[in-house]
There are 2 protein chains.
Amino acid sequence: MNEYEAQFAPYREQYLPPLEAWMQEQMNLFTATPELQAMLTYHMGWTGPGAGPRARGKRIRPFLLLLVNQAVGGPWEHAIPAAAAVEFVHNFSLLHDDIQDHSPTRRGRPTVWARWGIEQAINAGDALFALAFRALDALRAHHPADVVLDVQRALTDACLALTQGQHLDLAYEARTDLTEADYWPMIRGKTAALLRAAAYMGARLGHPDPEAAAVYARFGEALGLAFQIWDDYLGIWGDPAMTGKSVASDLVARKNTLPVLYGLAHPESAFARRWRAGAIREDEAAALAQALAETGAQTFTQAQAQRWTEEALRALSQAPARDPDARAALQALAHWLLRRAY
Amino acid sequence: MNEYEAQFAPYREQYLPPLEAWMQEQMNLFTATPELQAMLTYHMGWTGPGAGPRARGKRIRPFLLLLVNQAVGGPWEHAIPAAAAVEFVHNFSLLHDDIQDHSPTRRGRPTVWARWGIEQAINAGDALFALAFRALDALRAHHPADVVLDVQRALTDACLALTQGQHLDLAYEARTDLTEADYWPMIRGKTAALLRAAAYMGARLGHPDPEAAAVYARFGEALGLAFQIWDDYLGIWGDPAMTGKSVASDLVARKNTLPVLYGLAHPESAFARRWRAGAIREDEAAALAQALAETGAQTFTQAQAQRWTEEALRALSQAPARDPDARAALQALAHWLLRRAY
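Residues numbered from 1 in each chain as written. Chains lettered and ligands numbered in written order. Predicted model: local features only at pLDDT ≥ 70, side-chain atom pairs only at ≥ 80, totals over all residues.

So, on to the overall build of chain A. Assigned secondary structure in chain A consists of 17 helices and two strands. In summary, chain A has a C-alpha radius of gyration of 20 Å against a globular reference of 20 Å for 342 residues, a match within 12%. Overall, chain A is about 60 × 50 × 35 Å in size when its C-alpha atoms are taken along their principal axes. Per-residue burial over chain A gives 54% buried out of 342 residues. For chain A, the proportion of contacts with a sequence separation of at least 24, taken over those separated by at least 6, is 72%. (Helix = DSSP H or I, 4+ residues; strand = E, 2+ residues; numbered from the N terminus. Rg over C-alpha atoms; globule rule 2.2 N^0.38 Å. Buried ≥ 20, exposed ≤ 12 C-beta atoms within 10 Å, placed from the backbone. Contact = placed C-beta atoms within 7 Å.)

This next bit is on the environment of A:Arg322. All names here are of chain A. Inspection of the secondary structure puts Arg322 in the loop between helix H16 (297-318) and helix H17 (324-339). On the neighbour-count criterion, Arg322 (13 C-beta atoms within 10 Å) is partly exposed. Sequence separation of Arg322 and Ala71 is 251 residues, and the distance between their C-alpha atoms is 5.9 Å. Leave out the neighbours within four places in its chain, and Arg322 touches Val72 and Gly73.

Right, let's get into the environment of B:Gln100. If you trace the backbone, B:Gln100 turns up in helix H5 (residues 80-100). Judged by the 19 C-beta atoms lying within 10 Å of it, B:Gln100 is partly exposed. Residues in contact with B:Gln100, not counting those within four places in the same chain, are A:Glu119, A:Ile122, A:Asn123 and B:Leu170.

Residues and elements named next belong to chain B. Mapped onto the fold, Leu313 is located in helix H16 (residues 297-318). For Leu313, a count of 17 C-beta atoms within 10 Å translates into the label partly exposed. Here the alpha-carbon distance between Leu313 and Ala222, two residues 91 residues apart in the chain, equals 8.7 Å. Not counting residues up to four positions away in its chain, the partners in contact with Leu313 are Gln331 and Ala334.

Once that is clear, we can look at the relation of the copies chain B and chain A. Superposition record for chain B on chain A: RMSD 0.0 Å, screw rotation 180 degrees, translation along axis 0.0 Å. Taken together, the rotation and translation relating the two chain copies correspond to the operation of a two-fold axis. Scanning chain B for the C-alpha nearest the rotation axis identifies B:Ala145, at a separation of 2.7 Å. The fraction of interface residues of chain B whose copies in chain A are also interface residues reaches 100%, indicating that both copies meet through the same surface. (Least-squares fit on C-alpha atoms with pLDDT ≥ 70 in both.)

Turning our eyes to something else, we now look at the nonpolar core. Of all hydrophobic cores here, the largest spans 238 residues; its most connected members are A:Leu155, A:Ala226, B:Leu155 and B:Ala226. When residues no more than four places from it in sequence are discounted, the contact partners of B:Ala226 are B:Ala305, B:Trp308, B:Thr309, B:Ala312, B:Leu337 and B:Leu338. (Core = buried A, V, L, I, M, F, W, Y, C linked by C-beta atoms within 7 Å.)

Here we take up the packing of helix H1 (residues 3-26) of chain B against helix H4 (residues 60-72) of chain B. All names here are of chain B. Where H1 contacts H4, the two axes come as close as 10 Å, and the packing angle between them is 115 degrees. Taken as axis vectors, H1 and H4 run roughly perpendicular relative to one another. Read as a crossing pair, H1 and H4 show a hand that is right-handed. From H1, Tyr11, Arg12, Tyr15 and Leu19 reach across to H4, where they touch Pro62, Phe63, Leu66 and Leu67. Partitioning the contact of H1 with H4 into residue classes produces seven nonpolar, no polar and one charged. (Axes fitted to C-alpha atoms, helices over the stretch in contact; angles between N-to-C directions. Parallel < 35°, antiparallel > 145°, perpendicular 65-115°, else oblique. Left-handed = near helix turned anticlockwise from the far one by under 90°. Nonpolar A, V, L, I, M, F, W, Y, C, P; charged D, E, K, R; others polar.)

This brings us to the interface of chain B and chain A. Each partner contributes residues to the interface: chain B has 39 residues there, and chain A has 39 residues. If one sorts the elements of the side of chain B that touches chain A by residue count, helix H8 (residues 145-172) of chain B sits on top with 16 residues. Residues belonging to the side of chain B that touches chain A are distributed by class as follows: 20 nonpolar, eleven polar and eight charged.

The relative placement of two packed helices comes down to the angle between their axes together with the axis-to-axis distance. All names here are of chain A. Packing of helix H8 (residues 145-172) against helix H9 (residues 180-206) brings their axes to within 8 Å, and their N-to-C directions diverge by 165 degrees. Judged by the inter-axis angle, H8 sits roughly antiparallel to H9. Crossing geometry of H8 relative to H9 is assigned as left-handed. For the contact of H8 with H9, the class distribution of residues is 18 nonpolar, four polar and seven charged.

Moving on: H1(B). All names here are of chain B. Taking 1.5 Å of rise per residue, 24 residues should cover 34 Å, and H1 covers 35 Å from first to last C-alpha, within 8% of that figure. Along its length, H1 shows its largest kink, about 35 degrees, at Ala9, and proline Pro10 lies within four residues downstream of that point. Restricting attention to buried positions, one finds in H1 the residues Phe8, Tyr11, Tyr15, Leu19, Met23 and Gln26. Of the surrounding elements, those touching the buried residues of H1 are H4, H5, helix H7 (118-137) and helix H17 (324-339). (Expected span 1.5 Å × (residues − 1). Bend = angle between axes of the 7 residues up to and from the residue.)

Mean pLDDT over chain A: 95, with 100% of residues reaching 70 or higher. The complex model carries a pTM of 0.96, and its ipTM stands at 0.96. (pLDDT = per-residue confidence, 0-100.)

Along an α-helix, residues three or four apart share an orientation, since each turn contains 3.6 residues. A rise of 1.5 Å per residue sets the reference length of helix H10 (residues 210-237) of chain A, with its 28 residues, at 40 Å; its end C-alpha atoms lie 40 Å apart and thus fit the reference within 8%. Of all 28 residues in H10(A), 23 are buried; the element is thus mostly enclosed.

Residues A:Gly74 and A:Pro75 are joined by a peptide bond in cis, for which omega reads -5 degrees. Along the chain, A:Pro75 falls in the loop between helix H4 (60-72) and helix H5 (80-100). For B:Ala248, which is not glycine, the phi torsion reads 45 degrees and is therefore positive. Tracing the sequence through the fold places B:Ala248 in the loop between helix H11 (240-243) and helix H12 (249-252). The exposure class assigned to B:Ala248 is buried, which follows from the 23 C-beta atoms found within 10 Å.

Here is the structure:
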């Protein structure tokens, strides 16, 4: 654990157990259909072979929401249903994404479609989507109705953006003329929109001024861009021992990530020529990652992640906070996201 | 047009054009991704080959919502976003259902997955789902926030029920031991829940007393059950010239409908023996429909549809109404649903 992680870890340890418990409790809405319930609890990492913290993912989005909420005044306990909703939306999108990408495994376990078939997996994703909006309803116990509706609107807008980003990602698979300009609308939709919504929702539920939430939304969006760009970096130059994926796995999967689009803008480079020639084998991935770095793509990607992290920190410095320790933890989270190895 | 249809048709003619216009306007949220927008407007029946009233379906759910709203006091114009939301949810479920059932056509046109592929079709369904909740946000212009949240909760609960009903429907495909008791939870989720929500939402938006909405919810649920049971009837004994489907198409598709489960409860009947023997060809479907009728399934199905229609009319007679003509039109709608030929 580095210095940054040490700074926000106590908040995570405080938030995550009650968050997990609350999310698990929502699964009782599916007791009439135990097999569907089993798909959902498996996908969330709570049941089945390989269940446990690793199967659950980082829970970054709900953590961000609760930490922002505490920074503006909290109490974070009353924002848990919103945090759960954001995590349910994230997991719904992963569940459908795994079908769309034909991915047999996620976080080291078979995906829901691989275990229960595509038909049931589509439906299980839909159920998680519905559950997200059901979770928001619980906010009514502690928040005014118009605040709940603002929060709901933010989540809905993020879902619309998510489907637009996903549409582009799928449409890009068939294209060979992509440039860096095509990258930004895709990740704004696929990644940044939900982190933006998480930060907005946390602030809106803890601070009486909607303007405060708007500043946190900018923070969340910039953080989301930095997060995704760094994810792109790790997918090519990350340490397999840390990421849990194979060497340069995003190259083998032919993902249209930022470094790849940068490399393709140098059409005569060794990287671009090899990429255009077709399927990439695992045993040549390391050499290709090196060739890509030689186009300047590695330095460029680092600089872009750095740029958006700074953008996030700038927004954060302008954002009102009543709990300076929690705000310092948000800063540490932004620094850590840029230095993380997984 | 029979006497019943004549009674509610003027309301349909009044509501449907502004409803269609409002729904179409929502598609502007997708101008940044024109291909995704094209999938949605095609599926809704507005664009592409074969666009037109037939491709749009009956719009029963939004019509029910608006007519209930007018019956309790309206104004129905202010309930249009809720009607749109219900229709978007219905269409999202059809879009995913077509993938799950591997159906190449719907309402005489290629399905979205058949035109754009499974991956994009899953995503287009997700986009329609998100759009439904986005539509509800527009209710805030004319309704108190807590009423909007009640309406939103009703739609969310219907979506949870929908995914549970769909789960059962898919799970039943592999089963050979189904009885009539398995039928009811499936159609309560798949069909009745959304009609229930539509009637509830219409009432909640037009009447100050939440109790009134609860009575309309009972009306909508009973109507939904009658509607589905009659759909089952038409799928086997309907006139192909009216339904637009082949003779006894639900038998060829091996759907676990109410008449089939009734027939299977007579294991030694000619119907049950043939059903158990495997795939049914189109050229034997008519004879099998006749054999099923001989088990008493046809009379039983008619009686069940009748029973739930009476249940609906009973609830309606107890429901408060400020516009007696609109309430009479609701009665006519219930009678028509039970006598319709398509």
